[in-house]
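Tertiary structure, described
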Amino acid sequence: MIMRPTFQFTSGLPVQDTGRFDAPLAAALFDLTEGNPLFLRESLQVVAAGAFATPIDALRDIGVAGGVLAVVRSRLGGADGGLRTLLEVASVLGRDVSLALLTHSAGQPLDEVQRGLEDAARRGLLVQRSDDRWAFSHVLVREAFYREMPESRRSGLHATVKSALERRVALGGEQQL
């Protein structure tokens, strides 16, 4: 016999994020996410975006398309390739990212990097910690970008980051790396 949590466990989030309580939606959310908080929150974002005929259709699409990774991919909908590239570089740097180091590693002008980070934050992929520090909204979001890259791309980005770090250290650019 499979025990399911009561709706009190899952009902708060559907009410909070979509503005209404929907018992079938709460049950479908639990079936899909198995209570994983990140996956639950990301799934609710997809439902709230309203791109599907019904919330249940949105959840079915997530389940078929690959879980958390599919949800993260959906956040990039309509973004140019530059945002994905910037987030790949950021994923190599780790969960918390220095704006200066990301700018050097990405080889882009500061204003372009800032616009990309702000776009990623609007999409729920990053959060701004301070004027010059950003972080992935969850460790699994960072992991999705990092693991989806081919190994050769990851290796190349690690070499690029290494060079950027060496340049910054040589110039005395970062006290805390």
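Each value, and the rule that gives it
- Residues numbered from 1 in each chain as written.
- Predicted model: local features only at pLDDT ≥ 70, side-chain atom pairs only at ≥ 80, totals over all residues.
- Heavy atoms only, no water.
- Helix = DSSP H or I, 4+ residues; strand = E, 2+ residues; numbered from the N terminus.
- Buried < 20%, exposed > 50% of the residue type's maximum accessible area, 1.4 Å probe, protein only.
- Polar contact = N/O pair within 3.5 Å; in protein donor to acceptor, adjacent residues only side chain to side chain.
- Pairing = 2+ DSSP bridges.
- Axes fitted to C-alpha atoms, helices over the stretch in contact; angles between N-to-C directions.
- Core = buried A, V, L, I, M, F, W, Y, C linked by side-chain atoms within 4.5 Å.
- Contact = heavy atoms within 4.5 Å.

On to the side chain of S98, then. Position of S98 among the secondary structure elements: in strand 1 (residues 96-98). Using a relative accessible area of 10% as the deciding quantity, one classes S98 as buried. Side-chain polar atoms of S98 contact the backbone nitrogen of L101, separated by 3.2 Å.

A sheet is described by the order of its strands in space; here 3 strands give the open sequence 1-3-2, paired in antiparallel fashion. At either end of the open sheet lies a strand with only one pairing partner, and these are strand 1 and strand 2 (126-130). Ignoring strand direction, the axes of neighbouring strands in this sheet form an average angle of 30°. Sheet topology note: the strand 2/strand 3 (residues 133-136) ladder contains 4 bridges and is antiparallel. Across the sheet, S130 pairs through a bridge with R133, a residue of strand 3.

This part is about the nonpolar core. L87, L102, L117, L125 and F145 are the most contacted members of the largest nonpolar core, which totals 26 residues. Every element with two or more residues in this core is listed here: helix 6 (81-93), helix 7 (99-106), helix 8 (110-122), strand 3, helix 9 (139-148) and helix 10 (151-171). With 6 residues, helix 6 is the largest single contributor of residues to this core. The residues contacting F145, other than those within four sequence positions of it, are V72, L76, R84, L87, S91, L125 and F136.

We now examine the pairing of strand 3. Two elements, strand 1 and strand 3, share 3 bridges in a ladder whose sense is antiparallel. Note that in strand 3 the partner of S98 across the bridge is R133. Between strand 2 and strand 3, which pair antiparallel one after the other, the connecting turn spans 2 residues.

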